[in-house]
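# Geometric and topological summary
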Amino acid sequence: MQKVVSVENRQRIVVLQFILPALLILCVFVFYPILKTIVMSFQEWNLISPSDEHEFVGLANYRAVFGITHFSQMVTTTLVYTVFSVAGKMLLGLGVALLFNRPFRGRALARGFMLIPWAMPTVVACNVFLIALDPNYGILTELFKMLFRLAKLDVFSNTTSSLVAVIIIGIWKNFPFISLMLLAALSGIPKDYYDAASIDGANALVKFKCVTWPQIKPIWNTLLVLQILWTVKEFELIYLITRGGPNNATNVMGIDIYLNAFRYYKIGMASAEGVMLLLICVVFAIVYFRGVNKEEAE
């Protein structure tokens, strides 16, 4: 006798058929690597050692991370880079989006040029700035010398200017993504809202505060949390430009994880740093979204 499947069970089976492939991919490429990294952070791992047995060492790797001489400097640099880079990207992206949302001749072409930094491969963008800021023949170096009347300028040899430089390059490279997303949100705002505000005598600032900002705020919040999570673990851009130097001035946590893992072969320490970085991201995301949900509930 053929078993009859109820409508509810049939719907559950269909839902599972859609969910299982995505869940399988997440387990293989996300959850398992995270779990493996957490386990490795409590073990003795050294790529130089030929042993297949990895002794459980408890919190020794975490104590070793906190004992790094430049640990406080690394954390401070990571926070400074994240705060200024994210603030610059978000504010510049918003300003450009508001500008390009207005009709003017050549707007479509200008929007296309705006996307060039974001579309450009990171290694190409970094090489462009390394050449442009070369102390001997860089075009930007010569421009800054003329503007500030400097006899010599080597941006990447100074601890302060190197950090400022990578922050500015990171902003230039990534702000078009913010602008593109905010432009999409701005284009979805009905023109009737602005017409009604004009009838009430609202100026440009009031229109932005009462019409534009409430409409784009959900997109802004999402972009903000994504940019913070992406920026706090930055590696590629900084490593290609300064490799964490000079004197650890741009040595953020992402670079230190790479150095410990693949230069010093201390996989256990690198895993511990990775877990710490993951916890920072998770805690921030939880606090941020709880604040957003509380604000929406009010």
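Residues numbered from 1 in each chain as written. Predicted model: local features only at pLDDT ≥ 70, side-chain atom pairs only at ≥ 80, totals over all residues. Heavy atoms only, no water.

### Points about the overall build of the chain
Going by this rule: In this description a helix means any DSSP run of H or I spanning at least four residues, a strand means any run of E spanning at least two, and both kinds are numbered starting from the N terminus. Radius of gyration: C-alpha atoms only; globule rule: 2.2 Å multiplied by the number of residues to the exponent 0.38.
Counting its regular elements, the chain contains 13 helices and zero strands. Walking the chain from its N terminus toward its C terminus, one meets helices and strands in the order α-α-α-α-α-α-α-α-α-α-α-α-α. Against the globule reference of 19 Å for 298 residues, the chain gives a C-alpha radius of gyration of 25 Å, more extended than a compact globule. Taken along the three principal axes of its C-alpha coordinates, the chain extends 90 × 75 × 35 Å.

### Some thoughts on the packing of helix 3 (residues 71–100) against helix 10 (residues 204–231)
Note the following rule: Axis lines are fitted through C-alpha atoms, for helices just across the contact stretch, and the angle between N-to-C directions can take any value from 0 to 180 degrees. Note on convention: near helix rotated counterclockwise from far helix by under a right angle means a left-handed crossing. Clockwise means right-handed. It only takes one pair of heavy atoms within 4.5 Å for two residues to be counted as in contact. Under the grouping applied here, Gly and all other residues not named as nonpolar or charged are polar, the nonpolar ones being Ala, Val, Leu, Ile, Met, Phe, Trp, Tyr, Cys and Pro and the charged ones Asp, Glu, Lys and Arg.
For the pair helix 3 and helix 10, interaxial distance at closest approach is 11 Å and the crossing angle is 145°. For the crossing formed where helix 3 meets helix 10, the hand is right-handed. When helix 3 is examined against helix 10, the residues Tyr81, Thr82, Ser85, Val86, Lys89, Met90, Leu91, Leu94 and Leu98 are found in contact with a partner set consisting of Phe208, Thr212, Ile216, Trp220, Leu223, Leu224, Gln227, Ile228 and Thr231. Here the contact of helix 3 with helix 10 is composed, by residue class, of 12 nonpolar, five polar and one charged.

### Here's the deal with the nonpolar core
Selection criterion: Among buried residues, the Ala, Val, Leu, Ile, Met, Phe, Trp, Tyr and Cys ones that are joined through side-chain atoms within 4.5 Å form a nonpolar core. Here's how the labels work: a residue is buried when its accessible area is under 20% of the maximum for its type, exposed when over 50%, partly exposed in between, all with a 1.4 Å probe on protein chains only.
Core analysis: the largest hydrophobic core is formed by 25 residues, its most contacted members being Met90, Leu182 and Leu224. Listing elements by their share of this core, those giving two or more residues are helix 3, helix 8 (159–187), helix 10 and helix 13 (267–297). Leaving out residues up to four positions away in the same chain, Met90 has contacts with Ile178, Trp220, Leu223, Leu224 and Gln227. Of all hydrophobic cores here, the second largest spans 20 residues; its members include Phe129, Ala165, Val166 and Ile171.

### Examining the packing of aromatic side chains
Counted only if it meets this: Here a Phe, Tyr or Trp ring, Trp counted by its six-membered ring, pairs with any other such ring whose centre lies within 6.5 Å, and the pair is stacked when the planes are under 30 degrees apart, edge-to-face when over 60, and tilted otherwise.
Scanning the entire structure with this criterion turns up 15 aromatic pairs. Arranged with centres 5.4 Å apart and planes meeting at 45°, the rings of Trp118 and Phe177 form a pair that is tilted. In this pair, Trp118 sits in helix 5 (residues 116–119) while Phe177 sits in helix 8, placing the two residues 59 residues apart along the sequence. Note on Phe177: relative accessible area 15%, which makes it buried. Seen in terms of ring centroids, Trp213 and Trp220 are 5.4 Å apart; in terms of plane orientation they differ by 65°. Their pairing is edge-to-face.

### With respect to unusual backbone geometry
Between Gly245 and Pro246 the backbone carries a cis peptide bond, its omega angle lying at -5°. One can find Pro246 in the loop between helix 11 (236–241) and helix 12 (253–262). The phi dihedral of Arg243 is positive, around 55°, even though this residue is not glycine. Take Arg243: its relative accessible area is 47%, and that puts it in the partly exposed class. Phi is positive for Asn247, close to 55°, though the residue is something other than glycine. Looking at the secondary structure, you find Asn247 in the loop between helix 11 and helix 12.

### Here we look at helix 12
For helix 12, the tally of buried residues reaches eight of 10 residues, placing the bulk of the element in the interior. Among all positions in helix 12, only Met253, Gly254, Ile255, Asp256, Ile257, Leu259, Asn260 and Ala261 are buried.

### Considerations on the environment of Val96
Inspection of the secondary structure assignment puts Val96 in helix 3. For Val96, a relative accessible area of 13% translates into the label buried. For the pair formed by Val96 and Ile167, sequence separation is 71 residues and the distance between their alpha carbons is 18 Å. Not counting residues up to four positions away in its chain, the partners in contact with Val96 are Met114, Phe175 and Ser179.

### Thoughts on the side chain of Gln43
Note the cut-off: We define a polar contact as two N or O atoms separated by no more than 3.5 Å, with the added condition that, inside protein, one atom must be a possible hydrogen donor and the other a possible acceptor, whereas residues neighbouring each other in sequence contribute only through side-chain atom pairs.
Assignment of secondary structure puts Gln43 in the loop between helix 1 (7–40) and helix 2 (60–66). A polar contact of 2.7 Å, which involves the side chain of Gln43, links it to the side chain of Trp45.

### With respect to the packing of helix 6 (residues 122–132) against helix 8
Two quantities define a packed helix pair, namely the angle between the axes and the distance from one axis to the other. As a reminder of what qualifies: Geometric relationships in this document are graded by angle, where less than 35 degrees denotes roughly parallel, more than 145 denotes roughly antiparallel, 65 to 115 denotes roughly perpendicular, and other angles denote oblique.
Two elements in contact, helix 6 and helix 8, have axes separated by 11 Å at closest approach and are oriented at 135°. Taken together, the axes of helix 6 and helix 8 lie oblique to each other. The handedness of the crossing between helix 6 and helix 8 is right-handed. Of the residues in helix 8, those in contact with Thr122, Ala125 and Phe129 of helix 6 are Ile169, Trp172 and Lys173. Here the residues of the contact of helix 6 with helix 8 are counted per class, giving four nonpolar, one polar and one charged.

### What about the side chain of Lys145?
Looking at the element boundaries, Lys145 is found in helix 7 (residues 139–148). Given the relative accessible area of 16%, Lys145 is considered buried. Apart from residues no more than four positions distant in its own chain, Lys145 is found in contact with Pro135, Leu150, Ala151, Lys152 and Leu153.

### Considerations on the pattern of salt bridges
Think of it this way: side chains of opposite charge can pair up when their charged atoms draw near. Quick reminder of the rule: Any Lys or Arg side-chain nitrogen found within 4 Å of a carboxyl oxygen on Asp or Glu counts as a salt bridge.
All chains considered together, the criterion is met by two salt bridges. Where Glu142 meets Lys145, a salt bridge forms, and the shortest distance between an N and an O atom there is 3.7 Å. In this pair, Glu142 and Lys145 both sit in helix 7, three residues apart, roughly one turn of the helix. A relative accessible area of 33% means that Glu142 is categorised as partly exposed. Between Lys191 and Asp195 there is a salt bridge; the shortest N-O distance is 3.3 Å. Placement of both Lys191 and Asp195 in helix 9 (residues 191–199) is noted, with a separation of four residues, approximately one turn of the helix. Note on Lys191: relative accessible area 60%, which makes it exposed.

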